[in-house]
Amino acid sequence: MAEVLVLVDHVDGAVRKPTLELLTLARRIGDPVAVHLGPGAGTAAPVLAEHGATRVLTADAPEFTDYLVVPKVDALQAAAAAVSPVAVLVPSSGEGKEIAARLALRLGSGIITDATDVVAGDEGPVATQSVFAAAFTTRSTITRGTPVITVKPNSAPVEPAPAAGTVEPLAVTFGELATGTKIVARTPRQSTGRPELTEAAIVVSGGRGVNGAENFSVIEALADSLGAAVGASRAAVDAGWYPHTNQVGQTGKSVSPQLYIANGISGAIQHRAGMQTSKTIVAVNKDAEAPIFDLVDYGVVGDLFQVVPQLTEEIKARKG
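Residues numbered from 1 in each chain as written. Predicted model: local features only at pLDDT ≥ 70, side-chain atom pairs only at ≥ 80, totals over all residues. Heavy atoms only, no water.

## Some thoughts on the packing of helix 6 (residues 216–226) against helix 9 (residues 304–318)
Closest axis-to-axis distance for the helix 6/helix 9 pair is 9 Å, and the angle between their directions is 25°. Classified by the angle their axes make, helix 6 and helix 9 are roughly parallel. As helix 6 packs across helix 9, the resulting crossing turns out to be left-handed. For the pair helix 6 and helix 9, contact is made by Val218, Ala221, Leu222, Ser225 and Leu226 and by Phe305, Val308, Pro309, Leu311, Thr312, Ile315 and Lys316, respectively. Across the contact of helix 6 with helix 9, the residue classes break down as nine nonpolar, two polar and one charged. (Axes fitted to C-alpha atoms, helices over the stretch in contact; angles between N-to-C directions. Helix = DSSP H or I, 4+ residues; strand = E, 2+ residues; numbered from the N terminus. Parallel < 35°, antiparallel > 145°, perpendicular 65-115°, else oblique. Left-handed = near helix turned anticlockwise from the far one by under 90°. Contact = heavy atoms within 4.5 Å. Nonpolar A, V, L, I, M, F, W, Y, C, P; charged D, E, K, R; others polar.)

## Some thoughts on the sheet that holds strand 8 (residues 117–119)
Here we have three strands laid out as an open sheet, ordered 8-9-10, and antiparallel in their pairing. Two strands in the sheet have a free side with no partner beyond their single neighbour: strand 8 and strand 10 (136–141). On average, adjacent strands in this sheet sit at an angle of 25° to one another, irrespective of strand direction. (Pairing = 2+ DSSP bridges.)

## A word on the packing of helix 4 (residues 70–83) against helix 5 (residues 94–107)
For the pair helix 4 and helix 5, interaxial distance at closest approach is 9 Å and the crossing angle is 50°. Considered as vectors, helix 4 and helix 5 are oriented oblique to each other. Both helix 4 and helix 5 take part in a crossing whose hand is right-handed. Residue-level inspection shows Val70, Lys72, Val73, Asp74, Leu76, Gln77 and Ala80 of helix 4 in contact with helix 5, the latter providing Glu95, Ile99, Arg102, Leu103, Arg106 and Leu107. In the contact of helix 4 with helix 5, the residues fall into seven nonpolar, one polar and five charged.

## Some remarks on helix 4
Compared with the 20 Å implied by 1.5 Å per residue over 14 residues, the 20 Å span of helix 4 between its first and last C-alpha is a close match. With 10 of 14 residues buried, helix 4 is to be regarded as a mostly interior element. Restricting attention to buried positions, one finds in helix 4 the residues Val70, Pro71, Lys72, Val73, Asp74, Ala75, Leu76, Ala79, Ala80 and Val83. Structurally, helix 4 contributes buried residues whose contacts are with strand 1 (3–7), strand 4 (31–37), strand 5 (55–59), helix 3 (62–66), strand 6 (87–91) and helix 5. (Expected span 1.5 Å × (residues − 1). Buried < 20%, exposed > 50% of the residue type's maximum accessible area, 1.4 Å probe, protein only.)

## Describing the pattern of salt bridges
A full pass over the atoms with the stated rule returns 16 salt bridges. A salt bridge links Arg106 to Asp74; the shortest N-O distance between them is 2.5 Å. In this pair, Arg106 sits in helix 5 while Asp74 sits in helix 4, placing the two residues 32 residues apart along the sequence. Overall, the relative accessible area of 33% leaves Arg106 in the partly exposed class. (Salt bridge = Lys/Arg side-chain N within 4 Å of Asp/Glu carboxyl O.)

## Thoughts on the sheet that holds strand 15 (residues 259–263)
Read from one edge of the open sheet, five strands run 14-13-15-16-17, paired in parallel fashion. Both edges of this open sheet fall to strand 14 (229–232) and strand 17 (298–301), since each of them pairs with a single strand only. Across the sheet, the axes of successive neighbouring strands diverge by a mean angle of 15°, strand direction being ignored. For strand 13 (residues 202–206) and strand 14, the ladder comprises four bridges, and the chain directions are parallel. Considered in strand 14, the bridge of Ser205 is made with Gly231.

## Focus on the nonpolar core
Formed by 25 residues in total, the largest nonpolar core has its most connected members in Leu25, Leu48, Leu89, Ala115, Val118, Ile149 and Val151. Counting residues per element, the ones that place at least two in this core are strand 1, helix 1 (17–29), helix 2 (41–50), strand 6, strand 7 (111–115) and strand 11 (148–151). Among the elements that line this core, the one with the most residues is helix 1, at six residues. Beyond its immediate sequence surroundings of up to four residues, Leu89 is in contact with Val4, Leu5, Val6, Leu7, Leu22, Leu25, Ala26 and Ile149. The next biggest cluster of nonpolar side chains, apart from the first, holds 24 residues, and it includes Val33, Val69, Ile99 and Leu103. (Core = buried A, V, L, I, M, F, W, Y, C linked by side-chain atoms within 4.5 Å.)

## A closer look at the packing of aromatic side chains
Going through the model one piece at a time under the given rule, you end up with two aromatic pairs. Ring plane angle 70° and centroid distance 5.5 Å describe the contact between Phe64 and Phe174, whose orientation is recorded as edge-to-face. Here the residue Phe64 occupies a position in helix 3, and Phe174 occupies one in the loop between strand 12 (166–169) and strand 13, the gap between them amounting to 110 residues. A relative accessible area of 7% places Phe64 in the buried class. (Phe/Tyr/Trp six-rings, centres within 6.5 Å; stacked < 30°, edge-to-face > 60°.)

## Some remarks on the pairing of strand 16 (residues 280–285)
Counting buried residues in strand 16 gives five out of six residues, a clear majority hidden from the surface. Relative to strand 16, strand 15 runs parallel, the two sharing five bridges. Opposite Asn263, over in strand 16, you have Val284 as the bridge partner. Read from strand 15 through helix 8 (residues 269–275) to strand 16, the crossover connection turns out right-handed. Sheet topology places strand 16 next to strand 17; four bridges connect them, and they run parallel. Bridge pairing in strand 17 links Asn285 to Val301. (Right-handed = clockwise from strand over helix to strand, strands pointing away.)

Listed below in structure tokens is the structure:
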């Protein structure tokens, strides 16, 4: 059976959930071959094997941690030359999309970004995308070269499927551009105890209707009752009510959770572009004509300061 390269997203060997989702998708079109770059392969390999990786190609060098993007592109190019895959799947993060674009250019291949599904087709992998504020769903096949596809988090279930997971070294030769951009400092992000925004199964967001930084505690309380991440609209972050790192939208982060709850968010196209692929969308807004209601599965016309606290208390009560 044809093989599919999957770039492993990890932190010192701790494999992140989007990679396990990619392994589920990869099994639909071939035998997954995981590419683990950087330290921690010994920790990651058993997890990758448990979720379907038939082989784990590993390479560790200072370039992967000391420099941006290009060393990983060099490694993926080497992996593609060694494996001749039917496709390359990459997590659809900011870094992932840059890696995928550079790799596709080097391979002379087509690229699809922000896919929400990947299945086998008669002429190669078929990727599904949601476009134009979810007005259309497209299904595309790359017709030239080795398909390079980035996939949004939460697009597939994590399904264990034990495989051999044979660990093999990957020989990588770094090009001149690999050391062009050096990382000179790192500042660990302070943990809030909440899930990562782009990977969370549930996201609770607040917008202009929250009307102040001090009022985001209402949004946070609902998020914490659900074990959710907290998001914000551009209007809220531009006003200084919440950090820009939590912005959802065209100029922020793109999310695709199982449940998205928008509170006091009108639903401008820029915001919708960042959350339109959410599986279930709920909105609370006192304006019955707000554009967000054109997109939702469930809508509540009401004051968020009355609705949200009641919802939070009801959730806590049901959880015991």
